[in-house]
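Letter by letter, the chains look like this.
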Amino acid sequence: SVKAYVDTEVAGASGDWVKISTVNASGASSADFTDLSSTYAAYKIIYTDLTNSVDSIELYIRTSTDNGSTFDSSASDYAYVNGQVTTSGISAVTGSTGSNVLRINSSNGNATNETHSGEVTIFDPSNTSYTNIVFNTHMTDTGGAPRNQFGSGRRKSTTAVDAVRIFPSSGTITGTFTLYGIKA
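Residues numbered from 1 in each chain as written. Predicted model: local features only at pLDDT ≥ 70, side-chain atom pairs only at ≥ 80, totals over all residues. Heavy atoms only, no water.

Visitor: Help me understand the nonpolar core in this model?
Guide: Generally speaking, a soluble globular protein has its nonpolar side chains buried in company with each other. Counting 29 residues, the largest nonpolar core has Ile45, Ile104, Val120, Val164, Ile166 and Phe177 as the members making the most contacts within it. Ignoring sequence-local partners within four residues, the contact set of Phe177 consists of Ser21, Thr22, Val23, Ala25, Ala31, Phe33, Ile45, Ile46, Tyr47, Leu50 and Ile166. (Core = buried A, V, L, I, M, F, W, Y, C linked by side-chain atoms within 4.5 Å. Buried < 20%, exposed > 50% of the residue type's maximum accessible area, 1.4 Å probe, protein only. Contact = heavy atoms within 4.5 Å.)

Visitor: Just checking my understanding: could you explain the side chain of Ser64 for this structure?
Guide: Counting through the fold element by element, Ser64 comes out in strand S5 (residues 57–64). Here Ser64 falls in the buried class, since its relative accessible area comes to 0%. Excluding residues that lie within four positions of it along the chain, Ser64 makes contacts with Ser69, Thr70, Phe71, Asp72, Ala160, Val161, Asp162 and Ala163. (Helix = DSSP H or I, 4+ residues; strand = E, 2+ residues; numbered from the N terminus.)

Visitor: Help me understand the side chain of Arg62, please; the structure alone is not making it clear to me.
Guide: Structurally, the position occupied by Arg62 is in strand S5. Buried and without a salt bridge, Arg62 has Asp77 as its closest oppositely charged side chain, separated by 6.9 Å. A distance of 2.9 Å separates a polar atom in the side chain of Arg62 from the backbone oxygen of Asn100. Filtering out sequence-adjacent residues up to four positions away, Arg62 remains in contact with Phe71, Asp72, Ser73, Tyr78, Asn100, Val101, Ala163, Val164, Arg165 and Phe167. (Lys, Arg positive; Asp, Glu negative; His and termini not counted. Salt bridge = Lys/Arg side-chain N within 4 Å of Asp/Glu carboxyl O. Polar contact = N/O pair within 3.5 Å; in protein donor to acceptor, adjacent residues only side chain to side chain.)

Next up, the structure:
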């Protein structure tokens with residue numbers, strides 16, 4: 001896995017998104033961001049031109065409460081809902097009230113030009129209430145068709161979240177992940 005450490009001394013006016021760090025994953029099992037704190041009210045991860053080594057993967061997120069030493073992975077740690085728009089219309093609304101991951105998207109292809117890009121927003125992770133997460137992605141599916149997948153979820157714990165991991169259901173990922181923060 002590849003890690004980026006958050007610089008809590010980054011300057012930024014209230015209400016402005018501040019670039020904090022970038023992970024350039026190359027054949028990595030995950031992209032991790034640690035040292036999330038109350039410095040920012042929300043964090044946004046933007047990933048671009050992500051490719052995967054295995055066809056038809058899902059992309060997941062997990063959170064940590066010990067700065068990335070471990071990531072929460074019990075059977076009911078997360079709840080989420082996903083929807084998607086394809087060339088056939090809106091379809092495949094799915095979700096879970098108890099999962100060991102928060103699913104960002106699925107059916108990511110790995111042929112030439114079957115990349116995916118998206119954003120994940122993590123709201124107030126240092127608060128001692130459930131951490132809410134929203135995501136919106138564009139990807140090319142295993143048949144080469146465009147697909148927009150979107151949704152939201154939460155970490156079902158009142159312990160402050162201080163790290164996040166984005167990872168594929170199998171294989172490795174290559175792409176750029178950039179973390180931003182917004183001050184309250």
